[in-house]
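Residue strings, one per chain:
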Amino acid sequence: EWVKAPPPFPPTPADTLPTGAVVGEARLGVATGNWGCGVFGGDPQLKCLLQWMACSVAERPHMVYCAFNDKRVEQMPAVVKAIQDAGMTVGDLYKLLYSEAFQTVQPWRTGVFNFVMSQLTPA
């Protein structure tokens, strides 16, 4: 999953963006949604976190996640805040999502967000 996420969000050097897309050093954000969560059966909480990680790695300053009232991802803002408050890096979150604990607990049964939140310790 991680291999598929970053390519759509390449870094955007200021000199390659359309007029008006950059103010000073500001970069474009990303509008996205539940990739692969319909007939492909992907977990929207996991996909949401992976896309947020990809935006971070690509130096995109913000992500607008269009969930279209999907209750499964409505906690995303609170989860992101908790991750940031805990001082986790993208690398830390990556390690957590690919950890033995993640595989053993099978968080897709109780929710990826619940698993992540249970693993956080305040910074």
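What you see is a predicted model; the values in this text were computed from it and never measured. (Residues numbered from 1 in each chain as written. Predicted model: local features only at pLDDT ≥ 70, side-chain atom pairs only at ≥ 80, totals over all residues. Heavy atoms only, no water.)

(A) Fine view of the packing of helix H1 (residues 44-57) against helix H2 (residues 76-85). At a minimum axis distance of 12 Å, the contact between H1 and H2 shows a crossing angle of 50 degrees. One way to sum up the angle between H1 and H2 is to call them oblique. Our pair here, H1 against H2, has a crossing hand that is right-handed. Contacts from Cys48, Leu49 and Trp52 of H1 reach H2 at Met76, Val79, Val80, Ile83 and Gln84. Looking at the contact of H1 with H2 residue by residue, the class counts come to seven nonpolar, one polar and no charged. (Axes fitted to C-alpha atoms, helices over the stretch in contact; angles between N-to-C directions. Helix = DSSP H or I, 4+ residues; strand = E, 2+ residues; numbered from the N terminus. Parallel < 35°, antiparallel > 145°, perpendicular 65-115°, else oblique. Left-handed = near helix turned anticlockwise from the far one by under 90°. Contact = heavy atoms within 4.5 Å. Nonpolar A, V, L, I, M, F, W, Y, C, P; charged D, E, K, R; others polar.)

(B) Structural view of the environment of Leu49. Mapping Leu49 onto the fold places it in helix H1. Placed 64 residues apart in sequence, Leu49 and Phe113 show a C-alpha to C-alpha distance of 8.8 Å. Contacts of Leu49, omitting those with residues within four sequence positions, involve Met76, Val79, Ile83, Leu93, Leu97, Val112, Phe113 and Val116.

(C) Spotlight on the nonpolar core. Grouped together as the largest cluster of nonpolar side chains are 27 residues, with contacts concentrated most on Leu49, Trp52, Met76, Ile83, Leu93, Leu97 and Val116. Mapped by element, the contributors of at least two residues to this core are H1, strand S2 (63-66), H2, helix H3 (90-97) and helix H5 (112-119). Ranked by residues supplied to this core, first place goes to H1 with seven residues. (Core = buried A, V, L, I, M, F, W, Y, C linked by side-chain atoms within 4.5 Å. Buried < 20%, exposed > 50% of the residue type's maximum accessible area, 1.4 Å probe, protein only.)

(D) How the structure looks around the packing of aromatic side chains. Counted according to the given criterion, the structure contains two aromatic pairs. With 5.4 Å between their ring centres and 70 degrees between their planes, Phe102 and Phe115 make a pair best called edge-to-face. Taken together, the positions of Phe102 in helix H4 (residues 100-105) and Phe115 in helix H5 put the pair 13 residues apart, joining distant regions of the chain. Phe115 matches Phe102 in its accessibility class, with the two residues each being buried. (Phe/Tyr/Trp six-rings, centres within 6.5 Å; stacked < 30°, edge-to-face > 60°.)

(E) Inspection of the pairing of strand S1 (residues 30-33) at higher detail. Across four bridges, the pairing between S1 and S2 is parallel. Paired with Thr32 across the bridge in S2 is Tyr65. After leaving S1, the chain enters H1 and then returns to the sheet as S2, a path that is right-handed. (Pairing = 2+ DSSP bridges. Right-handed = clockwise from strand over helix to strand, strands pointing away.)

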